[in-house]
Amino acid sequence: MTTTIADRRIEDAGLEAGIARLTPEKIQKTILAVLEGEGGARLKTYVETCVRCGMCAKACHYYMSHKDPSYAPVAKVRQTMWEILKHKGLVSPEFIHQCAQIAYTECNLCRRCMHYCPLGIDTAYIMSFVRRICHKLGVTPQYIQDTAHSHSATMNQMWVKDDEWIDTLKWQEDEARDEMPELRIPLEVEGADFMYSVIAPEPKFRTQLIYQAAFIFNQAGLNWTMPATPGWDNSNMAMFSGDMEIMGRVEMAHFEAAQRLRVKRIVMGECGHAFRAIYDVGNRWLGWGMHPVPVVHSIEFFWDLLNSGKIRMAKKYPGPVTIHDPCNVIRGRGLMDKLREVVHAICDGVVEMTPNREHNYCCCAGGGVINCGPPFKNVRIVGNSVKADQLKATGVKTCIAPCHNCHGGLEDIIHKYGLGIELKFLGDIIYECMEKKGAS
Ligand code: SF4
Ligand code: SF4
């Protein structure tokens, strides 16, 4: 069945308030300014080279789940950017609402479709550009806008106060010292080899991940630290809301914390979008081709610890388990082999999903879609039945996903489709099954 975006219109406070302030003339002025200032050769090339072949359709989990051609990647571009360009930006406020709904909630920016396009067109880039226009027009889903503003106001997305951040680290250190008395969570150590970096939900409601990471760092005998100042939260929803100015500030604070401490390397926790923000987007926006401080994702970090013998497994986690490949570190960074080597080193009975690696289906939470909140929850869950089928076909009850957003998205579809699958981070399994020297 073919629908239109008008058939699927969803009310959202941010979108409604945003379009109420607009006129076609205001919209055109803003769009022309964004196109002139930021719309370079890449956008022009993608728009002008698309041959409308439709080969990207079957790459997109929204299309595959709904079997509705209007969810195909090329259809999303046709309904948004092509119309914007055709009308030279002179479009209605209601049309901007439709653009925002498509770009923010019907595309995860997962970049799977780019692999299936014979011309390598990156629809995610075009949808990011549409989001940028919507942001400049003040038409952004309320929930993700709130999160970006929280980060702007407090330098973390969850209003964790500076003293709460330090208290939480000390609390986790105390807890972990009951198990391993020598353990420390070192703060503000200048010249440390590693700065460990987490997202704000960890001190807020996933503190066990900080405990586990501290345990692994201490067992490996590493010279590491965490910052006591703003810049510790590596999440970045502004990257997905299209607010590149706040996105850049967040990444600048992150790099500045590492540079102030003169650490040799930043280790990012198990989060995909945060890695994309610091590794691929923030550095470029800030004018650095490469990073002023080297950055590694936890997959690479764990791979190195296991291969160098700095940590050892006392036993393997009993399988069968399957692996979910997060878009931002697999398609985005090519860590598919290292992820498998880590999982095989720590688990028995690995069952691959089909397809996998760079062809894996997205969790349908990344790209900021889960952060657009309850109004759009059903869109992403129904729009990812193909992922539920993929998980179910493995027949396993444990899935390893080294990404926070993937946990959020997969939890929702596991619940909705009654899959009975438990999700794990790599750190969960390493902590549970590693040799624990000096631990009680
Ligand atoms: S980037 Fe992902 S979600 Fe967006 S159109 Fe392409 S395949 Fe679909
Ligand atoms: S596969 Fe590429 S060229 Fe073909 S319709 Fe999709 S974006 Fe256009």
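Here, every reference points to the structure presented above.
Residues numbered from 1 in each chain as written. Chains lettered and ligands numbered in written order. Predicted model: local features only at pLDDT ≥ 70, side-chain atom pairs only at ≥ 80, totals over all residues. Heavy atoms only, no water.

### Here we look at the site of ligand 2
Link 1 in the chain: All residues adjacent to ligand 2 are Cys50, Val51, Arg52, Cys53, Gly54, Met55, Cys56, Val74, Cys117, Pro118, Leu119 and Ile121.
Link 2 in the chain: The pocket occupied by ligand 2, as judged from atoms lying within 2 Å of grid points, is the largest cavity.
Link 3 in the chain: Here the residues of the shell around ligand 2 are counted per class, giving ten nonpolar, one polar and one charged. (Near = heavy atom within 4 Å. 1 Å grid on protein atoms, 1.4 Å probe; cavity = no way out; pocket = protein on both sides within 12 Å on 5 of 7 lines; lining within 4 Å. Sits in = over half its atoms within 2 Å of the grid points. Nonpolar A, V, L, I, M, F, W, Y, C, P; charged D, E, K, R; others polar.)

### Structural notes on the site of ligand 1
Link 1 in the chain: Residues in contact with ligand 1, as listed here, are Ala59, Cys60, His61, Pro73, Lys76, Cys107, Asn108, Leu109, Cys110, Arg111, Cys113 and Ala124.
Link 2 in the chain: Class assignment of the residues belonging to the shell around ligand 1 gives a composition of eight nonpolar, two polar and two charged.

### As for helix H9 (residues 162-179)
Link 1 in the chain: In a regular helix each residue adds 1.5 Å, so 18 residues correspond to 26 Å; H9 covers 27 Å between its end C-alpha atoms and thus fits that length.
Link 2 in the chain: As for H9, its buried residues are in contact with helix H10 (201-205), helix H11 (207-219) and helix H21 (426-433). (Helix = DSSP H or I, 4+ residues; strand = E, 2+ residues; numbered from the N terminus. Expected span 1.5 Å × (residues − 1). Contact = heavy atoms within 4.5 Å.)

### Considering the pairing of strand E3 (residues 265-268)
Link 1 in the chain: Examined bridge by bridge, strand E1 (residues 194-197) and E3 share four bridges and lie parallel to one another. Opposite Phe194, over in E3, you have Arg265 as the bridge partner.
Link 2 in the chain: Bridge count for E3 against strand E4 (residues 295-297) is three bridges, and the pairing is parallel. Residue Ile266 lies in a different strand from E4, and its bridge partner there is Val295.
Link 3 in the chain: A crossover links E3 with its parallel partner E4, the connecting element being helix H14 (residues 272-285), and its sense is right-handed. (Pairing = 2+ DSSP bridges. Right-handed = clockwise from strand over helix to strand, strands pointing away.)

### Structural notes on the packing of aromatic side chains
The relation between two aromatic rings is expressed through the spacing of the ring centres and the mutual angle of the planes.
Link 1 in the chain: If you walk through the whole model with that rule in mind, you get 14 aromatic pairs.
Link 2 in the chain: Look at Tyr46 and Tyr125: their rings are 5.9 Å apart centre to centre, the planes differ by 70°, and that puts the pair in the edge-to-face class. Pair noted here: Tyr46 is in helix H3 (residues 41-49) and Tyr125 is in helix H7 (residues 123-136), with a separation of 79 residues, a long-range link.
Link 3 in the chain: When the centroid spacing of 5.9 Å and the interplanar angle of 45° are considered together, the rings of Phe301 and Phe302 count as tilted. (Phe/Tyr/Trp six-rings, centres within 6.5 Å; stacked < 30°, edge-to-face > 60°.)

### A look at the sheet that holds E3
Strand pairing in a sheet is mediated by backbone hydrogen bonds. Such pairs are either parallel or antiparallel.
Link 1 in the chain: Here four strands make up an open sheet; going across it, the order is E2-E1-E3-E4 and the pairing parallel. Each end of this open sheet is capped by a strand with a single partner; those strands are strand E2 (224-225) and E4.
Link 2 in the chain: Packing of helix H13 (residues 244-261) onto the sheet brings it into contact with E1, E2, E3 and E4, and relative to E1 it is tilted by some 150°.
Link 3 in the chain: Packed onto the sheet, helix H15 (residues 298-307) meets E1, E3 and E4 and runs at close to 85° relative to E4. (Axes fitted to C-alpha atoms, helices over the stretch in contact; angles between N-to-C directions.)

### Considerations on empty space enclosed by the protein
Link 1 in the chain: This model, assessed by the stated rule, comprises five cavities of 30 Å³ or more.
Link 2 in the chain: Of the volumes computed, that of the largest cavity is approximately 180 Å³.
Link 3 in the chain: Lining the largest cavity are 18 residues, with Cys50, Cys56, Val74, Cys117 and Ile121 positioned closest to its centre.
Link 4 in the chain: Residue assignment for the lining of the largest cavity shows that the elements contributing at least two residues are H3, helix H5 (73-86) and H7.
Link 5 in the chain: Ranked by the residues each element gives to the lining of the largest cavity, the list is headed by H5, at four residues.
Link 6 in the chain: Across the lining of the largest cavity, the residue classes break down as 15 nonpolar, two polar and one charged.
Link 7 in the chain: Volume-wise, the second largest cavity comes out at about 120 Å³. (Points joined across faces, edges and corners; volume = space filled by probe spheres on them.)

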